[in-house]
Amino acid sequence: MKQSDKIYIAGHRGMVGSAIHRALSQKGYSNIVTRTSSELDLRNQQDVADFFAEEKPDYVFLAAAKVGGIVANNTYRADFIYENLMIEANVIHQAYLHKVSKLMFLGSSCIYPKLAPQPLKEDYLLTGLLEETNEPYAIAKIAGIKLCEAYHDQYGCNFISVMPTNLYGYGDNYNLKNSHVLPALIRKFHEAKEANKPFVEAWGTGSPKREFLFADDLAEACLYLMETYNGRELVNVGTGEDLSIKELTELVAKTTGYEGEIKWDTSKPDGTPRKLMDVSKLHAQGWKHTIELPEGVALAYEDFLANQEVYTV
C-alpha cells in the first residue's frame, strides 16, 4: 500500500475497525474512506454498488459485521446469518467488479469445529460440527472465507482472510448482558470496588483456558499481512498463549484494585475447556504480538475509566 492509496475500512467504528483506522493514521495513511451504518447500509446491494462506483477504493479492510455475545447469537439466529452474509457478499463482489487491488476479510475463531484439537490450526476448518449456539454467525464467516477463496480462484482477486482470536481493547463492549468475558470482568470488578462489595461472583470453576489479543495488536497484524501476505488460505491471528479464566479473573481484580473475595458459582457452565489458536503460520510470516495481557488489561481499564459514561449506558 502506498500512502496515497484510497483505503476503505468497512466497520470503522467497531473495536477492530477503529484500531485499524488508528494504525493506518499513525503510519501516515491519510486517504481513508469511511461510512457509518446510517450513511451506508452494507446489507443493501444497490447502496454498496453505488458506494464503490463513487469512491473506487484501492484497498478494503472488511471489518463490518453483526456481532454479539452467546445470548444474542442464539436468540437472533436469522439476523446473524442473513446480515453477515449480505454484508460480506455485497462488499466482496463490488471489490471484484471495481478491481480493488486487495481486500482483507476478518473472520472469527468460532469458524472452527467445536471439538477440534488444540491449538486450532487453519486446516481444521470444516473438519467437524460447529458450536450450536453461534452456528449461524460461524457459517456466515465461513462463507466469507470461501467467497475470498472463490474470487481468488475464478478471477485472480487478491482477497485474503484473517481469523482473530478473542479480542479486547479500546472501545470494547461493557454491557453485562452481551459483552465478552474480559470487558465484563473489568466492569464487574470496578463496580464492586466502587460499591465496596465484599465479594464478586464468577461463573463456573475458572478452569477453562482462553487466549486474548489486544485489538491494536490485531490492527498491526492486519497492516503487516496486507503488505506481505497474498496466500489463498486463511491466517490465524493471536498470541499463541492462553491462561485459565481463574488466572484472568485474578489479573482483572488486581488491575482494577478490587481487594474483596472471588466466589465461583460452579452450578454455572464452564463452556469449551480450551480455545487456543495455532499461530505458527503467522509467526513464520514474520509477525508477533507486542502487547502482553497485563499491559493490555491495564490499557483497557484506563479506557473504561475515561469513557465510563458511554460504556455503562
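Residues numbered from 1 in each chain as written. Predicted model: local features only at pLDDT ≥ 70, side-chain atom pairs only at ≥ 80, totals over all residues. Heavy atoms only, no water.

1. Observations regarding the packing of helix α8 (residues 245–256) against helix α10 (residues 293–306)
- Running from N to C, α8 and α10 point in directions that differ by 50°, and their axes come no closer than 10 Å. The orientation of α8 relative to α10 falls into the category oblique. As α8 packs across α10, the resulting crossing turns out to be right-handed. For the pair α8 and α10, contact is made by L248, L251, V252, T255 and T256 and by L293, P294, V297, A298 and Y301, respectively.
- Its residues assigned to classes, the contact of α8 with α10 shows eight nonpolar, two polar and no charged. (Axes fitted to C-alpha atoms, helices over the stretch in contact; angles between N-to-C directions. Helix = DSSP H or I, 4+ residues; strand = E, 2+ residues; numbered from the N terminus. Parallel < 35°, antiparallel > 145°, perpendicular 65-115°, else oblique. Left-handed = near helix turned anticlockwise from the far one by under 90°. Contact = heavy atoms within 4.5 Å. Nonpolar A, V, L, I, M, F, W, Y, C, P; charged D, E, K, R; others polar.)

2. Looking at the sheet that holds strand β4 (residues 102–106)
- Sheet architecture is open: six strands sit in the order β2-β1-β3-β4-β5-β10, paired in parallel fashion. Across the chains shown, the open sheet's two edge strands, defined by having one partner strand only, are β2 (32–33) and β10 (235–237).
- Sheet topology note: the β4/strand β5 (residues 159–164) ladder contains four bridges and is parallel. When the bridges of β5 are listed, L103 appears paired with F159.
- Packing against the sheet, helix α1 (residues 15–26) makes contact with β1 (7–10), β2, β3 (59–62) and β4, and its axis sits at approximately 155° to β1.
- Contacts from helix α4 (residues 77–97) reach β3, β4 and β5, with the element oriented near 170° to β3. (Pairing = 2+ DSSP bridges.)

3. A word on the UniProt feature "active site" (unreviewed entry) in the protein
- The UniProt record marks Y137 with the feature "active site" (unreviewed entry), using the residue numbering of this structure.
- Tracing the chain through its elements places Y137 in helix α5 (residues 135–155).
- According to the relative accessible area criterion, Y137 is buried, its value standing at 10%. (UniProt positions renumbered as here; feature names shortened; annotations may be inferred. Buried < 20%, exposed > 50% of the residue type's maximum accessible area, 1.4 Å probe, protein only.)

4. Brief notes about helix α6 (residues 181–194)
- Given a rise of 1.5 Å per residue, 14 residues ought to cover 20 Å, and the 20 Å separating the end C-alpha atoms of α6 matches this to within 8%.
- The set of residues buried in α6 consists of L182, P183, A184, L185, I186, R187, F189, H190 and A192.
- Looking one or two places after α6, you find N196, whose phi comes out positive at around 55°. (Expected span 1.5 Å × (residues − 1).)

5. Some thoughts on the pairing of β4
- Counting buried residues in β4 gives five out of five residues, a clear majority hidden from the surface.
- Of the two faces of β4, the one holding K102, M104 and L106 and the one holding L103 and F105 are both buried throughout.
- The sheet contact formed by β3 and β4 spans four bridges and is parallel. Within β4, the residue paired with F61 across the bridge is M104.
- Handedness of the β4-α5-β5 crossover: right-handed. (Right-handed = clockwise from strand over helix to strand, strands pointing away.)

6. Remarks on the sheet that holds strand β8 (residues 209–210)
- Spatial strand order, β11-β8-β13: three strands in an open sheet with mixed pairing. Of all the strands in the sheet, just β11 (243–244) and β13 (274–275) have a single pairing partner and so form its edges.
- Alignment of β8 against β13, held across two bridges, turns out to be parallel. In the sheet register, K209 faces β13, and the bridge partner there is R274.

7. Considering the environment of L147
- Relative to the assigned elements, L147 resides in helix α5.
- Accessibility expressed as a relative area gives 23% for L147, which makes it partly exposed.
- In this structure the C-alpha to C-alpha distance between L147 and E39, which are 108 residues apart in sequence, comes to 25 Å.
- Beyond its immediate stretch of four places on either side in the chain, L147 contacts E88, A89 and I92.

8. Comments concerning the nonpolar core
- In terms of nonpolar packing, the biggest core is built from 73 residues, with I20, L24 and F61 touching the most fellow members.
- Ranked by residues supplied to this core, first place goes to helix α7 (residues 215–228) with eight residues.
- Filtering out sequence-adjacent residues up to four positions away, F61 remains in contact with M1, I7, Y8, I9, A10, I20, L24, M104, C222, L223 and M226.
- Membership of the second largest hydrophobic core comes to 25 residues, among which are Y174, L182, F189 and A253. (Core = buried A, V, L, I, M, F, W, Y, C linked by side-chain atoms within 4.5 Å.)

9. Side note on the side chain of D172
- Within the secondary structure layout, D172 lies in the loop between β6 (166–168) and α6.
- One buried charged residue, D172, forms no salt bridge at all, with the nearest opposite charge on R22 at 11 Å.
- Contacts of D172, omitting those with residues within four sequence positions, involve M15, L167, P183 and Y311. (Lys, Arg positive; Asp, Glu negative; His and termini not counted. Salt bridge = Lys/Arg side-chain N within 4 Å of Asp/Glu carboxyl O.)

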